Amino acid sequence: MQRLGVALIKVMQGIRVLEVAQFTFVPAAGAILADWGADVIKVEHPVRGDTQRGFINMGGFQLDPNRHPLIEHPNRGKRSVGIDVSTPGGQEVLYEIAKTADVFLTNYMPQARQKHKFDVEHIRAVNPNIIYARGSAYGDKGPERLVGGFDGTAFWTRSGVGHALTPEELGGALSQGIPAFGDSIGGMNIAGGISAALFHRDRTGEALEVDVSLLSTAWWAAGASVTQGMETGETMRSVMPDSIGPTVNPFLGNYLTSDGGTINLCIVSPTGYIRDAFEHLGLPELADDPRFSDVLPLIENAEAAAELIAESIRSKPFEYWRQHLKTMKGQWAPFQSLVDLATDDQAVANDMIVEVEATDGGKPFKVVRGPVQFNHEPLETTRAPQASEHTEIVLMELGIDWDRIAELKDSGAIA
């Protein structure tokens, strides 16, 4: 995937990242950095590999271990080295790689980092110039520094995000519904923090520590609402489907179609859009109704207008509105599933889907590219590595000879 023989831009080319991490949150950061051209070396246990490799179920769906979304998504483009970091020999190998790395990336708990001697002071002892990046559930300070968590607990449940997205009328809590949702967002945050730290090191020579938590990721994502809550003591909640709810803007909300689809109107500021919107919604007469013809009366009579809009949209099927509203000036969107997006012309046109070689040798495996593009270029990457796939290659690059590699293998320090 190159343009007329011109090499694609790799903004992180020449940067080496040493990743000692599992699951998705921190490995997702490594995947983004690999997308951008970094050499990302993923350290996995020589027998078990990344614990997530053993997951055979995701959201109630059985997973093929050879076509594994929870491995491919956060690990494409990397090289895998099998090291038992609990052994002295494994730690020696880890330090040898760390000497050559620009970034150390981990989501292991503080107690594990200390026990196995890869906390910041141990890594900095062999490479004082390395950027040390940590991902955690609740942050690397405070009384719960030693408490672990996943995005389902820290990002969705504890943060208030799940509460805000659960309609009060349900009388309970919605589950997250998207595995590794906060993990992927948080991984992007870590990648951005590492990029800034690399820039700072280049300018000043100072190597920084970088910290991102799932809790802070959620609070940043919901930042305006969190600020509103701290200011007023009140918080917004999602409303039930087909519920108008309190509104001051009838052009803002979800409306059900005749066949159970949903159209989202999102004309945040109706000024200049009122007539065109009503005409497209099959209600041209409302543009001349003094209750709705200008912004101030529209706000005052928003509930009445919303009921009329709901009735009109409910009179025709989803596909009608999907095509008919394409010429509307105001903002709107069809309510799609994650599967629908795979064939969305706009998503495809913007190279949001990338094909990589499949581990099982079958049809190409489709993964989602990161949200950042450079010069409109498509992404060129490789499949996620198999566990310990590149151990010998990486160690030989470091100058470790075959006899030493054999000794390390015999001792169980490496795979």
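Conventions adopted
Residues numbered from 1 in each chain as written. Predicted model: local features only at pLDDT ≥ 70, side-chain atom pairs only at ≥ 80, totals over all residues. Heavy atoms only, no water. Salt bridge = Lys/Arg side-chain N within 4 Å of Asp/Glu carboxyl O. Helix = DSSP H or I, 4+ residues; strand = E, 2+ residues; numbered from the N terminus. Buried < 20%, exposed > 50% of the residue type's maximum accessible area, 1.4 Å probe, protein only. Contact = heavy atoms within 4.5 Å. Expected span 1.5 Å × (residues − 1). Pairing = 2+ DSSP bridges. Core = buried A, V, L, I, M, F, W, Y, C linked by side-chain atoms within 4.5 Å. Axes fitted to C-alpha atoms, helices over the stretch in contact; angles between N-to-C directions. Parallel < 35°, antiparallel > 145°, perpendicular 65-115°, else oblique. Left-handed = near helix turned anticlockwise from the far one by under 90°. Nonpolar A, V, L, I, M, F, W, Y, C, P; charged D, E, K, R; others polar.

Per an unreviewed UniProt entry, the chain goes by Crotonobetainyl-CoA:carnitine CoA-transferase CaiB-like acyl-CoA transferase and derives from Mycolicibacterium frederiksbergense.

Caption draft 1: Examining the pattern of salt bridges more closely. Taken as a whole, this structure holds 25 salt bridges when the rule is applied. The shortest N-O distance in the salt bridge between arginine 53 and glutamate 44 comes to 2.8 Å. Of the charged contacts, one joins glutamate 407 and arginine 404 as a salt bridge, the two residues approaching to 3.6 Å between their closest N and O atoms. Of the two residues, glutamate 407 and arginine 404 both sit in helix 18 (residues 402-411), three residues apart, roughly one turn of that helix. For glutamate 407, a relative accessible area of 47% translates into the label partly exposed. Several salt bridges share partner residues, and in doing so they unite Arg113, Asp119, Arg134, Asp140, Arg145, Glu209 and Asp211 into one network.

Caption draft 2: Quick look at the environment of proline 270. Residue placement: proline 270 occurs in the loop between strand 10 (262-266) and helix 11 (274-280). Sequence-wise, proline 270 and leucine 252 are 18 residues apart; in three dimensions their C-alpha atoms are separated by 9.4 Å. Once residues within four sequence positions are removed from consideration, proline 270 is found in contact with Asn249, Phe251, Val295 and Leu298.

Caption draft 3: Molecular detail of helix 3 (residues 88-99). Taking 1.5 Å of rise per residue, twelve residues should cover 16 Å, and helix 3 covers 17 Å from first to last C-alpha, within 8% of that figure. Turning to helix 3, its buried residues are Gly89, Gly90, Gln91, Val93, Leu94, Tyr95, Ile97 and Ala98. Contact partners of the buried residues in helix 3: strand 1 (16-20), strand 2 (39-44), helix 5 (120-126), helix 17 (391-397) and helix 18.

Caption draft 4: Layout of unusual backbone geometry. Look at aspartate 351: it is not a glycine, yet its phi comes out positive at around 55°. Residue serine 388 is not a glycine yet carries a positive backbone phi of 65°. Along the chain, serine 388 falls in the loop between strand 13 (365-368) and helix 17. Accessibility expressed as a relative area gives 15% for serine 388, which makes it buried.

Caption draft 5: Spotlight on the pairing of strand 9 (residues 252-256). Inspection of the sheet shows strand 9 paired to strand 10 by five bridges, in the antiparallel sense. Looking at strand 10, one finds that leucine 256 is bridged to threonine 262. Hairpin connection from strand 9 to strand 10: five residues lie between these consecutive antiparallel strands, with glycine 260 at a positive phi of about 90°.

Caption draft 6: Seen up close, helix 1 (residues 25-35). When you tally the buried positions in helix 1, you get eleven out of eleven residues, the bulk of the element. Buried within helix 1 are the following residues: Phe25, Val26, Pro27, Ala28, Ala29, Gly30, Ala31, Ile32, Leu33, Ala34 and Asp35. Immediately beyond the C-terminal end of helix 1, within one or two residues, lies glycine 37, with a positive phi of roughly 110°.

Caption draft 7: The nonpolar core, seen in detail. Membership of the largest hydrophobic core comes to 33 residues, with the highest contact counts inside it found for Val17, Leu33, Leu105, Ile190 and Ile194. Looking at this core, the elements that each hand over two or more residues are helix 1, strand 6 (103-106), strand 7 (131-136), helix 6 (151-157), helix 8 (181-204), strand 8 (209-213) and helix 9 (214-221).

Caption draft 8: Up close: the packing of helix 1 against helix 8. Running from N to C, helix 1 and helix 8 cross one another at 55°; their axes reach a closest spacing of 7 Å. Relative to helix 8, the element helix 1 lies oblique. Crossing handedness for the pair helix 1 and helix 8: right-handed. Here Phe25, Val26, Ala28, Ala29, Ile32 and Leu33 of helix 1 lie close against helix 8, whose contacting residues are Asp183, Ser184, Gly186, Gly187, Met188, Ile190, Ala191, Ile194 and Ser195. Partitioning the contact of helix 1 with helix 8 into residue classes produces ten nonpolar, four polar and one charged.

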